[in-house]
Each structure stands twice: as structure tokens, then as C-alpha cells.
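# Coordinate inspection notes
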Amino acid sequence: MTVTPVSPDFNPLVRLVNGLLSIKPLFDIARYRARKMMIDRAERLGVPWRETVKQLEKLDWTEELRAVEARDLVYPDYYVCSFHAYEKGNLDWLPAFEVESAAYAVHSTIWPGAGRDGDPRLRREFHKVLKEQIPANFTDIVDLGCSVGMSSRALQEAYPDAKITGVDLSPYYLAVANYRGREKGDKITWKHAAAENTGLAAGSFDLVSSFLMFHELPQKASREIFAEARRLLRSNGVFAMMDMNPRSEIYRKMPPYILTLLKSTEPYLDEYFTLDIETALIEAGFESPTITPISPRHRAIVARVR
């Protein structure tokens, strides 16, 4: 199935929003409102956002960081910027402490009445599509952009016999992932690296998976990651990703103030919405992917190695 890339003018307000967000005081206001909206929503759901942060801040994270950090890693320019209403983006402790609570808040409204189950359901729907299209028992899986490990643990639940490796650019996220992993007793391996240059051995995985990473990337990085995924996969391997669906009516009809808040926290959203993912995957060495809507605003993309 071919999906036509969405024009930057998919909503007539896009240019206006971009102009407003280029004015720093307005950007700061939008960023503050986006953050407060998420915290309030999470705590209405019974997710203890503030209390979780308070407890994690009491811990000494020195050794946790040392255990996962690749100190010689050079961060790509696109990553060293503000993300998700955090001035330092993903390179700080606060976003690492808050991201799990934020996931519950953001995904609670995907389906009517979903509440706290919205996030787990989104992961289940992704894996359901993957299993329906590729009925295989993967033995080696790498999760690109694993954050604090929620997507990696969901993969472990879906494929309990597989060896899971989680890769992320933020050592702060990986430190929290490693800490939570010991609490939960999982056996996931964490690696601090860029998804486009993982340093992992070629042809060592059956499945390369990514959950909600590509909307945070410029197009050049996305294409490089597709090429890296192809390098990592065995001859019968599979690439799968779950992310926002630019063709969703949700985004086409989004109210102006919500669109403003969203774009204030997602600096590469326009690049993601205009990327022809099907063509990019084929150029990277994959067969034509299947693109399947899995929620009112998300899609799963699955592609076999060509």
C-alpha cells in the first residue's frame, strides 16, 4: 500500500503555528501549558507523577549512569535540543523520571474510556499486528529508541523466549531502564548508542523494532536508521515500527491550540509527517512495507528484508 506523504500544509494553520513558535516567549508559554496539561491529566488517572519524581530524585544515580553511559559517544546535532517541553531535551534526569507517567497521560485519550490502559493497549495492538503479519518466534530483538524500557519490556512479554537489546541515545533514560529492570527482574541488555550507528554486530537480529521514535527525528536520521536496521537484520529479518499516523483525521482536524502545544514539544514533527516512509524503506533494502492503522492516531509499519 502506498501512502502519499502529507504536505506541510496538511492543516492551514501549520504555517501560522510555526511562526508563533519561533517567538520565544510564546514558545515558552506553549511549552509550560503542554507540560502542566500532561501532569494534571496523569494525576486525574491516578498516576502519581509528582510523587514518582520525588522518590526517584532521592536516589544516588551516579553508579547507575556510569553502568550504562558510553562516555565517548558524540551526540548528533538533531538530538541536542529541546524535546517534550524540557530545555535540555532527553539529556537530563527529569525527563527520564517523568517519561513513564507521561506515556500514561498522553495515551489515555486514544480510545474513549481507555484511561491508564491506553498505553498498554497501544503496545498490545502493535504486537498483535506484528504477530498476525509475521507469525514467527523471534530469538534476537533490538528495540531502537527504547527510552526507559517500556517498549523493550512489552517486547519481552510478547516474545518471552527472545533476547532483547534496548538502544537509546539518552544515558539518563537507560540508567532508569536498568534500575527498573533490576526491580522487575528482567534480562534486557541496554546499550547507549545512536539508532543510526548502534555499534552492534551486522546480521545479529531477527527483529528490529521501534516504538514512537521516528516522529522525533529529521528525515536524514530516519533514512540512516532504516539503513542501520537493514544492516543489523539477518537475511529473513523484519523491521517493525509504531508511530503517529499522518493520514489520521485526528491530526487533520486538530484544534489550533492543541496543534500549537504539540508542535512546541515535537521539533521534527513536520519532517516526520512529510517523510515517504515506504520509499525510504525500499531504498534501504526492504520489501514494500505493510502500513496498518492500529488506533485513531497511530500506525504500525512492518517490512521484511528484501
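This structure is a prediction, so every number in the text was calculated from the model and none was measured.

## Topic: the side chain of Ser82
- Turning to its location among the elements, Ser82 is positioned in the loop between α4 (62–68) and α5 (93–107).
- For Ser82, a relative accessible area of 18% puts it in the buried group.
- Separated by 2.9 Å, the side chain of Ser82 and the backbone oxygen of Tyr86 make a polar contact.

## With respect to the packing of α5 against helix α8 (residues 171–184)
- One way to put it is that α5 packs onto α8 with a least axis distance of 8 Å and a crossing angle of 50°. Our classification of the angle between α5 and α8 gives oblique. Classified by chirality, the crossing of α8 by α5 is right-handed. Contacts between α5 and α8 involve Trp93, Pro95, Ala96, Phe97 and Glu100 on the former and, on the latter, Tyr172, Tyr173, Ala175, Val176 and Arg180.

## Details of the packing of aromatic side chains
- In this structure the tally under the stated criterion is 17 aromatic pairs.
- Taking 5.4 Å as the distance between ring centres and 40° as the angle between the ring planes, the aromatic pair formed by Trp61 and Phe97 counts as tilted. One end of the pair, Trp61, is in the loop between α3 (49–57) and α4; the other, Phe97, is in helix α5, with 36 residues separating them in the sequence. Here Trp61 and Phe97 have matching classes, each one buried.

## Quick word on the packing of helix α6 (residues 118–133) against helix α7 (residues 150–158)
- Two elements in contact, α6 and α7, have axes whose closest approach is 10 Å; the angle formed by their N-to-C orientations is 50°. Taken together, the axes of α6 and α7 lie oblique to each other. In terms of crossing hand, the pair formed by α6 and α7 is right-handed. Touching Asp119, Arg123, His127 and Lys131 of α6 are Met150, Ser151, Ala154, Leu155 and Ala158, all from α7.
- Partitioned by chemical class, the residues of the contact of α6 with α7 number four nonpolar, two polar and three charged.

## What about the environment of Glu278?
- You can see Glu278 is positioned in helix α13 (residues 277–284).
- Classification of Glu278 by relative accessible area gives buried; the value is 8%.
- With 25 residues separating them in the primary sequence, Glu278 and Ala303 have C-alpha atoms 9.1 Å apart.

## Considering the confidence of the model for the protein
- In this model, the protein carries a mean pLDDT of 91, and residues with pLDDT of at least 70 account for 90%.
- Under a pLDDT of 50 for its full length, residues 1–10 has, in the predicted model, 26 contacts with residues more than four places off or in other chains.

## Points about the environment of Ile250
- Checked against the element boundaries, Ile250 lands in helix α10 (residues 249–252).
- By relative accessible area, Ile250 is classed as partly exposed at 39%.
- Counting along the chain gives 48 residues from Ile250 to His298, while the straight-line C-alpha distance between them is 9.9 Å.
- If sequence neighbours within four positions are ignored, Ile250 has contacts with Pro296 and Arg297.

## Regarding the pairing of strand β5 (residues 233–244)
- Counting buried positions along β5 gives nine out of 12 residues, so the element sits mostly inside the fold.
- Across six bridges, strand β4 (residues 205–211) lies against β5 in parallel orientation. Pairing of Phe211 across the sheet is with Met242, part of β5.
- Read from β4 through helix α9 (residues 219–232) to β5, the crossover connection turns out right-handed.
- In this sheet, strand β7 (residues 298–304) lies alongside β5 in antiparallel orientation, the contact comprising seven bridges. Residue pairing for β7: Val238 is matched across the bridge by Arg304.

The rules behind these values
- Residues numbered from 1 in each chain as written.
- Predicted model: local features only at pLDDT ≥ 70, side-chain atom pairs only at ≥ 80, totals over all residues.
- Heavy atoms only, no water.
- Helix = DSSP H or I, 4+ residues; strand = E, 2+ residues; numbered from the N terminus.
- Buried < 20%, exposed > 50% of the residue type's maximum accessible area, 1.4 Å probe, protein only.
- Polar contact = N/O pair within 3.5 Å; in protein donor to acceptor, adjacent residues only side chain to side chain.
- Axes fitted to C-alpha atoms, helices over the stretch in contact; angles between N-to-C directions.
- Parallel < 35°, antiparallel > 145°, perpendicular 65-115°, else oblique.
- Left-handed = near helix turned anticlockwise from the far one by under 90°.
- Contact = heavy atoms within 4.5 Å.
- Phe/Tyr/Trp six-rings, centres within 6.5 Å; stacked < 30°, edge-to-face > 60°.
- Nonpolar A, V, L, I, M, F, W, Y, C, P; charged D, E, K, R; others polar.
- pLDDT = per-residue confidence, 0-100.
- Pairing = 2+ DSSP bridges.
- Right-handed = clockwise from strand over helix to strand, strands pointing away.

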